[in-house]
Amino acid sequence: MQEKLIDLFEYTHHFNREMIKAISENITKVDEKTISLINHTLNAQQIWNSRILGEESFEVWQINPLESLEEINHQNLKKSIDIIQKSDLDKRIEYQNSKGTKFENSIFEMLFHAINHSTYHRGQINSLLKQNEVDPLLTDYIFYKR
């Protein structure tokens, strides 16, 4: 299970990096919503990692400098892998969402959500790129594995 989760986070990291690159190379064509979504995608993974580790987290919709996105993406990967390798994935963690509501989920559920969440938002970003005359990226998992 650990190696499969690590593979999914490596996939997530890879296509986040490709999205950052596409946005950076076409910065004059992309809109604010695209910038907001790539930041939100990275912020969310950082937030889930932080909830698991009991650390301070980013704001859900904070905008980070474009030049720091690759480093945030890299740090997210490292922390997610570290959590996978050192944690009991069935352990349940109590946390509060951004509105202050309390929840409890297993580490596995939280990590899997982070992967799924980023896939969802990369799809939205691709739609926005296409609307702004930037070729969308093929980000399906199967393309990563080919």
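For the structure, check the block above.
In this report, the structure presented in the accompanying data block is examined.

Thresholds applied
- Residues numbered from 1 in each chain as written.
- Predicted model: local features only at pLDDT ≥ 70, side-chain atom pairs only at ≥ 80, totals over all residues.
- Heavy atoms only, no water.
- Pairing = 2+ DSSP bridges.
- Helix = DSSP H or I, 4+ residues; strand = E, 2+ residues; numbered from the N terminus.
- Salt bridge = Lys/Arg side-chain N within 4 Å of Asp/Glu carboxyl O.
- Buried < 20%, exposed > 50% of the residue type's maximum accessible area, 1.4 Å probe, protein only.
- Core = buried A, V, L, I, M, F, W, Y, C linked by side-chain atoms within 4.5 Å.
- Contact = heavy atoms within 4.5 Å.
- Lys, Arg positive; Asp, Glu negative; His and termini not counted.
- Axes fitted to C-alpha atoms, helices over the stretch in contact; angles between N-to-C directions.
- Parallel < 35°, antiparallel > 145°, perpendicular 65-115°, else oblique.
- Left-handed = near helix turned anticlockwise from the far one by under 90°.
- Nonpolar A, V, L, I, M, F, W, Y, C, P; charged D, E, K, R; others polar.
- Phe/Tyr/Trp six-rings, centres within 6.5 Å; stacked < 30°, edge-to-face > 60°.
- Lys NZ or Arg CZ within 6 Å of the ring centre and 35° of its normal.

Time to look at the pairing of strand S2 (residues 102-106). Here strand S1 (residues 92-96) pairs with S2 via five bridges, running antiparallel. Residue Tyr95 lies in a different strand from S2, and its bridge partner there is Phe103. In sequence, S1 turns back onto S2 through a hairpin of five residues, with Gly100 there showing a positive phi of about 90 degrees.

For the coordinates displayed, the defined rule picks out five salt bridges. Between Lys145 and Asp7 there is a salt bridge; the shortest N-O distance is 3.1 Å. Of this pair, Lys145 sits in helix H5 (residues 141-145) while Asp7 sits in helix H1 (residues 2-25), placing them 138 residues apart in sequence. Judged by relative accessible area, which is 46%, Lys145 ranks as partly exposed. Its relative accessible area of 15% is what places Asp7 among the buried residues.

Our next topic: the nonpolar core. Burial of nonpolar side chains together is a common tendency in soluble globular proteins. Ranked by size, the top nonpolar core spans 17 residues in total, and within it Leu5, Phe9, Ile52, Ile84, Ile107, Met110 and Leu111 carry the most contacts. If you tally residues by element for this core, the top one is helix H4 (residues 107-131), at five residues. Those residues in contact with Leu111 that lie beyond four places of it in its chain are Leu5, Phe9, Asn49, Ile52, Ile83, Ile84 and Leu89. Membership of the second largest hydrophobic core comes to 14 residues, among which are Met19, Ile38, Leu42 and Ile72.

This part is about the side chain of Arg122. The residue Arg122 is located in helix H4 in this model. Buried Arg122, no salt bridge; nearest opposite-charge side chain is Asp140, N-O distance 8.6 Å. If sequence neighbours within four positions are ignored, Arg122 has contacts with Tyr11, Thr12, Phe15, Asn16, Met19 and Thr139.

Here we come to the packing of H1 against H4. Where H1 contacts H4, the axes come no closer than 10 Å and their chain directions differ by 25 degrees. With respect to H4, the element H1 is oriented roughly parallel. Crossing handedness for the pair H1 and H4: left-handed. Of the residues in H4, those in contact with Leu5, Leu8, Phe9, Tyr11, Thr12, Phe15, Asn16, Met19 and Ile23 of H1 are Phe108, Leu111, Ala114, Ile115, Ser118, Thr119, Arg122, Ile125, Asn126 and Leu129. Along the lines of polarity and charge, the residues of the contact of H1 with H4 split into 13 nonpolar, five polar and one charged.

Let's shift gears to the packing of aromatic side chains. Under the definition given, this model contains eight aromatic pairs. With a centroid separation of 6.3 Å and an interplanar angle of 65 degrees, the aromatic rings of Phe15 and Tyr144 are classed as edge-to-face. Taken as a pair, Phe15 in helix H1 and Tyr144 in helix H5 lie far apart in primary sequence, 129 residues in all. The class of Phe15 is buried, set by a relative accessible area of 6%. With a centroid separation of 6.0 Å and an interplanar angle of 15 degrees, the aromatic rings of Phe108 and Phe112 are classed as stacked. Note that Phe108 and Phe112 are positioned in helix H4 at a spacing of four residues, about one turn of the helix. Residue Phe108 is classed as partly exposed on the basis of its relative accessible area, which comes to 26%. With a relative accessible area of 41%, Phe112 lands in the partly exposed category. Aromatic ring contacts, followed pair by pair, group Tyr11, Phe15, Tyr141 and Tyr144 into a single cluster. The ring of Trp48 has Arg51 lying over it, and the distance from NZ or CZ to the ring centre is 4.4 Å.

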